[in-house]
Amino acid sequence: MIKKILSSNPLIMLIFSVVVLSAPIWLAPLGANYPDLLQKFAIFGIFAVGYNILFGLTGYLSFGHATFLGIGSYTAVWSFKLLTMNIVPAIILAMIVSGVFALVIGYLSLRRSGIYFSILTLAFAQMAYSLAYSVLTPITNGETGLQLTQQDPRYLDGLASIAIKDGLPSTNLFGTAIKSMDGYFGFYVAAVMLIIAFYISLKVFRSPFGMKLRAIKSNQTRMKYTGFNTRPYLLTAFVISGMYAGLAGGLLASIDPLAGAERMQWTASGEVVLMTILGGVGTLIGPLLGATIIKYFENIFSALNTNELHKIFDFLPEGLENFMVTVVSPFVGEGWHLTLGLVFMIVVIFLPGGIMQGINHLFGFIKRIFDMSDKTTPVDDTVNNNSSKGGAS
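The structure displayed is predicted, hence computed values, not measured ones.

Engineer: Lay out the environment of L14 in plain terms, naming residues and giving numbers.
Structural biologist: Locating L14 in the fold gives a position in helix α2 (residues 9-21). In this structure, the C-alpha to C-alpha distance between L14 and I195, residues 181 residues apart in sequence, is 9.8 Å.

Encoded structure:
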């Protein structure tokens, strides 16, 4: 039964769409159903899915992908300032411009492989981050960040005779007749983009192109010896991945029309690496799980304080309650990174294939209990043998 579901793209997309679109319902018990957090789940899920096309399929570890996230954000805000508050042109332009930069950076970086490729991408990211604060200040507005103003021309809105009310205009979808990008409407727009992005990723993973990328990851030297030119395929994967990052950056700017250089900082690039490894490199669902967990920790655990902990443990005797609050408090609030670090260490040590490896083991255990089969059926058909060999690096 599971094999039939996993082999059918329409069934996978149906299940995935239902899960994503119903997120406000099933995330409510976890306190994660408010619009801002749901939007982050969807947007950074797109970022992680796109990064996984490069890292998961080719094994090329990029430490500079946040560059394209920032470029996408800057492009989208400039679209809002010069053209229209409609998010559609902004997102399209964000993907195109990010793709162009990815083509240039990828062409230069892919002349090397391994750690040298990673260092090159990190160098380009730091260059972009520094330029945004110095030479490119007229474009990026430096430390203040690029923001909307009432004096922005918005030529397309002017041609369409769209009146600007008092204050700054809001981003929208196809004009003022449709709701702005606030609240749950913004989440569902991002969710639809996530579903489309996931479908493209699914097609890439199960295409001959995706198989060639896996072959490059398996043994690029052998492929070169057979006369196969791997660079065009690697560059294509890099550009696709960069466009995914641009899409995520455009959506971030669509929901909050502000672009700053901090989105291009190396820590943002490291975050998407953690998302992918935590969920499972080379799997379809893994990066989404990783993005959801990290953003949940960032927004929920960081908001917990001593008073909240006392409310959580108030069912215990007073002495035990105070003891539990004392033990747990270093791991929440400002210390949420410590909790995330511990989770990441446990996953890497015991589940080098990420959370998806653990889910696969769980399904295999359940099947053995019910004697359904002697062979474990993987939850994600893209989990490769690398997980059993000691990791995704």
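Engineer: Can you explain the pattern of salt bridges? Please cite residues and give values.
Structural biologist: Side-chain pairs of opposite charge can arise whenever the charged atoms involved come near each other. Within the structure shown, the criterion is met by 4 salt bridges. Measuring nitrogen to oxygen at the nearest pair gives 3.4 Å for the salt bridge that ties D152 to R154. For the pair formed by D152 and R154, the shared burial category is buried. The salt bridge involving E298 is made with K295; its shortest N-O contact spans 3.0 Å. A residue pair is termed a helical-turn pair when its members lie 3 or 4 positions apart in one helix, as E298 and K295 do in helix α14 (residues 286-299) at 3 residues. Take K295: its relative accessible area is 3%, and that puts it in the buried class. Connected through shared salt-bridge partners, K81, D152 and R154 make up one network.

Engineer: Just give me the short version of helix α4 (residues 35-58), but keep the residues and values in it.
Structural biologist: An ideal rise of 1.5 Å per residue puts 34 Å on 24 residues; α4 measures up with 34 Å between its terminal C-alpha atoms. N52 marks the point of greatest bend in α4, at about 35 degrees. Trailing α4 by a residue or two, G59 shows a phi angle of about 80 degrees, which is positive.

Engineer: Quick one: what's the story with unusual backbone geometry, residue by residue and with numbers?
Structural biologist: In this model, N141 sits at a positive phi of 65 degrees, which is unusual for a non-glycine residue. Topologically, N141 is positioned in the loop between α8 (137-140) and β1 (146-147). Looking at N141, the relative accessible area reads 36%, which means it is partly exposed. A positive phi angle is found at R154, which is not glycine, with a value near 45 degrees.

Engineer: Account for the nonpolar core, naming residues and giving values.
Structural biologist: Within the largest apolar cluster, 92 residues are counted, with the highest numbers of intra-cluster contacts made by I46, F80 and F238. The leading source of residues in this core is α4, at 15 residues.

What counts and what doesn't
- Residues numbered from 1 in each chain as written.
- Predicted model: local features only at pLDDT ≥ 70, side-chain atom pairs only at ≥ 80, totals over all residues.
- Heavy atoms only, no water.
- Helix = DSSP H or I, 4+ residues; strand = E, 2+ residues; numbered from the N terminus.
- Salt bridge = Lys/Arg side-chain N within 4 Å of Asp/Glu carboxyl O.
- Buried < 20%, exposed > 50% of the residue type's maximum accessible area, 1.4 Å probe, protein only.
- Expected span 1.5 Å × (residues − 1).
- Bend = angle between axes of the 7 residues up to and from the residue.
- Core = buried A, V, L, I, M, F, W, Y, C linked by side-chain atoms within 4.5 Å.

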